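# What the coordinates show
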Amino acid sequence: MSYVKLENIWKEYEVKGKKTQVLKGLNLDIEKGEFVVVLGPSGEGKTTILKIIAGLLRQDKGHVYLRGELADDVPPKDRRVAMVPQNYAIYPFMSVYDNIAFPLKVAHVPKEEIKKRVMEVATMLRIDNLLDRKPSQLSGGQMQRVAIARALVKGADIILMDEPLSNLDAQVRVLAREELKQLQRNLKPTIIYVTHDQVEALSLASKLAILHDGIIQAYGDPMDIYREPNNIWVASFLGNPPMNLIKGEVGKDYILLENMRIPIPEKFKKIISEGQKIIVGIRPEDLMINDNGILEGTVEMVEDLGPYSIIHVKIGQNLIRVIEKSVARRERGEKVKIGIDIAKLTLFNPSTEKNVLLEAVERVIRK
Amino acid sequence: MAIRRYKILKILRLLFSYIILIIMSFFAIFPLYYVFMTSFSNAPNLISLSISDLIPKHIYFTAYKYLISTNLYGGSFPLWVRNSLILASSTAIISVLLALITGYALSRLDIPAKKTLATFIYIVTFFPYTATAVPLYLLFAKFHLLNYIGLILAYTPGTSIFAAFIAKLSIDAIPSSYEEIAMIDGLSRFGAFLRIVMRLALPVVALTAILGFTGAYLDFALAYSFLLPNVKEWTATIGLYYMAGLLNPASAPQYNIFAAGAVLMGIPLMALFIVSQRMMTKAYSNLAGVKQ
């Protein structure tokens, strides 16, 4: 049974007389103790989802279930959830101690008990030496810990996080990410974390949900989604650089890409048929430049990123990206041959924009 | 050479600024000093004023004694000051609540015609407040409200309509996540408003309180038209008006008593200003968009 469940959620915003449908029948099932990251581009309603779960916003249609119970009419204060907002919202007029103690004070917990619990979370997050300070004396990383401490102190088992690491500088962010992961492993709360940062999403999530166009496009194990994107949008969004998508046609026992033939991988042989239009997806890291490659093209641009370079290669009308370890220097205009790791190919149906493999599975299930 | 010229220019610039500042402050301080000195004289008139009179030779407390001890038609000055303080404090408190609640609603809540309402409020603040004295009198007479409650009801909107607009601007600048977190952590929306928003908008709260307090404390026109028949309910401004004999054109007004009354009435105001000075500077700099 799901612990947090969003069922067919619709939400519309009106900005300056213009109505925009942000959520369009969104469904999401979250099991107890999972670390779910909702990943999506900015302005797609990620924060709206959290606010609807917390009860700060009311959905236009659909239902929210918390711990298996309908929560639509439960006010935020009775939903037993905690939240870490993007700007941390540490009250500037209270000391760190009072900030962390605030949820307990509101609940009229006895003073000794408050002290015990605040000390407990503060020690766990290593901010017990900062308790007397005012928020203005804290660094970004310390503020983030105070915000997490305040979310943990009341013992809510559902914690909502709205890009809590986005205000930290790169080095602190990596540390904070690791700590957050540890914390979740130790305390086992259900965390719903929204972000637009792919690295954060892939490294933190026990389950990844990709939000686009008002619905969850893909939901599941992060690496599964990465390897086998279920539609063209997810393929073009996830990964940096994202998956290469090339239009092609199915031939007898090959796929025709710009007059170049690549063999059909075994797993697709029964699914696709000759003459069918197809979109081939291949990750830049599954391509390699070598002399006996199948594809031929010219180098358009080279991005050197330190450990590896992204080589933009023009093949006919298509521009594809190849990741290559920064050993050989490539020049613009250079003719190259590119080899493909055939087993890593993903095929999409151009008319439905879906992964053909998943479409086939759906067909079987429907029968 | 260039450095020396720069130094001379700097001195000249400072000299010029200070001369202007000194002249300005003279004009600002002189009337106050004059009132202060007059309150310690025993001559009730203003005619015999020469430069030498500006430094008093004798200090008399007659005017103060008269104000504190005299009983006029069954009322006395201390009683009226007390009335004024009660009236002004109540106006201040109600103005703060009304202004902040209105400002919050205009800033945060999804209410119909919000923009029109905010503009309307802004326009209303342009109207001179005294112009409404007669219609207010007629209206409140109909409702039998020519008393303190009526006066507070009449004063409050005058202050809070202006303050509501400032409160809206101030609350706009507070990220809504502060209240949202408070609401998730166990407060109702109103609780979050009282404990978080009011506290974060404290400079505006102080500004509104002072505006409300001084408005009611120093008002004469409305208090006069509302409270005249009952001497015991008079405010300090009405009382002083009669005590100093400004009403009767036949007798010369006793200006030293008027001045002493002004000094006494100024004490609570001064205390209020000193207490809230820090908040006030914050309030003004917040409005100017300067971060403290």
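Cut-offs and rules
For every chain, the first residue of the written sequence is number 1, and numbering continues from 1 onward in sequence order. Naming scheme: in the order in which they are written, chains are lettered from A and ligands are numbered from 1. Under the rules for a predicted model, residues below a pLDDT of 70 receive no local features and side-chain atom pairs below 80 are neither given nor counted, while totals for whole chains, interfaces and linings still include all residues. Helix and strand assignments follow DSSP, with helices taken as H or I runs no shorter than four residues and strands as E runs no shorter than two, numbered in order from the N terminus. With C-beta atoms placed from the backbone, the exposure class of a residue follows from how many other C-beta atoms lie within 10 Å of its own: 20 or more, buried; 12 or fewer, exposed; in between, partly exposed. By the convention adopted here, residues are in contact when the distance between their C-beta atoms, placed from the backbone, does not exceed 7 Å. What we call a nonpolar core is a set of buried Ala, Val, Leu, Ile, Met, Phe, Trp, Tyr and Cys residues whose membership is set by joining through C-beta atoms within 7 Å. The split into domains, and so the bounds of each, comes from an automatic or database assignment of domains. Lys, Arg, Asp and Glu make up the charged group, whereas Ala, Val, Leu, Ile, Met, Phe, Trp, Tyr, Cys and Pro make up the nonpolar group; the residues left over, Gly among them, are polar. Any two strands with at least two DSSP bridges between them are considered paired. Lines are fitted to the C-alpha atoms to define the axes, a helix being fitted only along its stretch in contact, and any angle between axes, read from their N-to-C directions, falls within 0 to 180 degrees. In this context, the arc is that of the directions from the helix axis out to the C-beta atoms. When describing relative orientation, an angle under 35 degrees is termed roughly parallel and one over 145 degrees roughly antiparallel, while 65 to 115 degrees is termed roughly perpendicular and anything else oblique. By the definition used in this description, the sense in which the near helix is turned from the far one sets the handedness, with an anticlockwise turn below a right angle giving left-handed and a clockwise turn giving right-handed. The quantity called pLDDT is the predictor's confidence in a given residue, expressed from 0 to 100. The handedness of a crossover follows from its direction of travel: if, with the strands pointing away from the viewer, the path from the first strand over the helix to the second runs clockwise, the crossover is right-handed.

## Overview of the overall build of chain A
When helices and strands are tallied, chain A shows nine helices and 20 strands. Burial analysis of chain A (367 residues in total) assigns 36% to the buried set. Taking all contacts inside chain A whose residues are at least 6 apart in sequence as the whole, residues at least 24 apart take part in 64%.

## Some words on the overall build of chain B
Scanning chain B for helices and strands turns up twelve helices and two strands. Order of helices (α) and strands (β) in chain B, N terminus to C terminus: α-α-β-β-α-α-α-α-α-α-α-α-α-α. Residues counted as buried form 35% of the 292 residues belonging to chain B. Pairs at least 24 residues apart make up 74% of the contacts formed inside chain B by residues separated by at least 6 positions.

## Side note on the nonpolar core
By size, the foremost hydrophobic cluster in this structure holds 154 residues, and its most contacted members are Val36, Ile53, Met83, Ile100, Ile192 and Ile210 of chain A. Among the elements that take part in this core, helix H6 (residues 148-172) of chain B stands out by supplying twelve residues, more than any other.

## Describing the domain arrangement of chain B
All names here are of chain B. By domain assignment, chain B separates into domain 1 (2-39) and domain 2 (74-287). Put simply, the middle of domain 1 and the middle of domain 2, counted by C-alpha atoms, are 35 Å apart. Each partner contributes residues to the interface: domain 1 has four residues there, and domain 2 has six residues.

## A word on the interface of chain A and chain B
Each partner contributes to the interface: chain A provides 17 residues, whereas chain B provides 13 residues. Elements that contribute at least two residues to the side of chain A that touches chain B include exactly strand E6 (81-84) and helix H2 (96-106) of chain A. Considered class by class, the residues forming the side of chain A that touches chain B number 14 nonpolar, one polar and two charged.

## A few points about the environment of aspartate 172 of chain B
Residue and element names in this part refer to chain B. Inspection of the secondary structure assignment puts aspartate 172 in helix H6. A tally of 12 C-beta atoms within 10 Å means that aspartate 172 is categorised as exposed. Measuring from C-alpha to C-alpha, the distance between aspartate 172 and isoleucine 267 comes to 35 Å, with 95 residues separating the pair along the chain.

## Some remarks on the sheet that holds strand E14 (residues 277-282) of chain A
Residue and element names in this part refer to chain A. Taken together, the five strands give an open sheet; going across it, the order is E13-E12-E11-E14-E20, and neighbouring strands pair in antiparallel fashion. Looking at which strands have only one partner, the edges of the open sheet turn out to be strand E13 (260-263) and strand E20 (346-348). This sheet shows a mean twist of 40° between the axes of neighbouring strands, independent of strand direction. When E14 meets E20, the two strands line up antiparallel, connected through three bridges. Looking at the pairing, isoleucine 279 lines up with phenylalanine 348 of E20.

## As for the domain arrangement of chain A
Residues and elements named next belong to chain A. According to the domain assignment, chain A consists of domain 1 (4-233) and domain 2 (239-366). A C-alpha centroid distance of 37 Å is found between domain 1 and domain 2. Facing the seven residues of domain 1 at the interface are twelve residues of domain 2. Considered class by class, the residues forming the side of domain 1 that touches domain 2 number three nonpolar, three polar and one charged.

## Remarks on the sheet that holds strand E18 (residues 318-325) of chain A
Residue and element names in this part refer to chain A. What the five strands build is an open sheet, ordered E15-E19-E16-E17-E18; its pairing is antiparallel. One side of each edge strand has no neighbouring strand; the edge strands of this open sheet are strand E15 (287-289) and E18. Each neighbouring strand pair of the sheet contributes to a mean axis angle of 45°, computed without reference to strand direction. Two elements, strand E16 (residues 295-304) and strand E17 (residues 308-315), share six bridges in a ladder whose sense is antiparallel. In the sheet register, aspartate 304 faces E17, and the bridge partner there is serine 309.

## Quick look at helix H8 (residues 189-200) of chain B
All names here are of chain B. When we look at burial in H8, the residues that qualify are Ala192, Phe193, Ile196, Val197 and Leu200. Along the long axis of H8, the arc covered by the buried residues comes to 125°, so they all point the same way. Buried residues along H8 sit against helix H3 (77-108), H6, helix H7 (177-184) and helix H9 (202-218).

## Comments concerning the packing of H6 of chain B against H9 of chain B
All names here are of chain B. As a packed pair, H6 and H9 sit with axes 9 Å apart at the nearest point and diverge in direction by 165°. In terms of their interaxial angle, H6 and H9 are classed as roughly antiparallel. Where H6 crosses over H9, the two elements pack in a sense that is right-handed. Together, Tyr155, Gly158, Thr159, Ser160, Ala163, Ile166, Ala167 and Ser170 of H6 and Val204, Leu207, Thr208, Leu211, Gly212, Gly215 and Ala216 of H9 make up the contact between the two elements.

## Section: the confidence of the model for chain B
A low pLDDT score tells you not to read the predicted coordinates there in detail. All names here are of chain B. Chain-level pLDDT for chain B is 83 on average; 89% of the residues reach the 70-or-more range. Note that residues 286-292 has pLDDT below 50 and, in this model, six contacts with residues that lie over four places away or in other chains. The ipTM value of the predicted complex is 0.82, and its pTM value is 0.80.

## What about the environment of glutamate 69 of chain A?
Residue and element names in this part refer to chain A. You can see glutamate 69 is positioned in strand E5 (residues 69-70). We classify glutamate 69 as exposed; it has 9 C-beta atoms within 10 Å. C-alpha separation for the pair glutamate 69 and tyrosine 3, spaced 66 residues apart in sequence, amounts to 8.9 Å.

## Focus on unusual backbone geometry
Residue and element names in this part refer to chain A. Between asparagine 240 and the following residue, proline 241, the backbone shows a cis peptide bond with an omega angle of 0°. By the element assignment, proline 241 lies in the loop between helix H8 (232-237) and strand E11 (244-250). For glutamate 353, which is not a glycine, the phi torsion comes out positive at approximately 65°. Residue position: glutamate 353 is located in the loop between E20 and helix H9 (356-366).

## Thoughts on the packing of H2 of chain A against helix H3 (residues 111-124) of chain A
Residue and element names in this part refer to chain A. It is at 10 Å that the axes of H2 and H3 come closest, and there the two elements cross at 125°. Taken together, H2 and H3 sit at an angle that is classed as oblique. Helix-helix and strand crossings are classified by hand; for H2 and H3 the assignment is right-handed. Every residue of H3 that contacts H2 at Tyr97, Ile100, Ala101, Leu104 and Lys105 is listed here: Ile114, Arg117, Val118, Val121 and Ala122. In terms of residue class, the contact of H2 with H3 is made up of eight nonpolar, no polar and two charged.

## Some words on the pairing of strand E8 (residues 190-195) of chain A
The side chains of a regular strand alternate, residue by residue, between the two faces of the sheet. All names here are of chain A. Among the six residues in E8, six count as buried, and that is most of the element. Of the two faces of E8, the one carrying Thr190, Ile192 and Val194 and the one carrying Ile191, Tyr193 and Thr195 are both buried. Sheet topology places strand E3 (residues 35-39) next to E8; five bridges connect them, and they run parallel. Bridged to valine 38 within E8 is valine 194. Relative to E8, strand E7 (residues 158-162) runs parallel, the two being bridged by five bridges. Along E8, the bridge assignment pairs aspartate 162 with valine 194. Note that the unit made of E7, helix H5 (residues 170-187) and E8 has a crossover that is right-handed.

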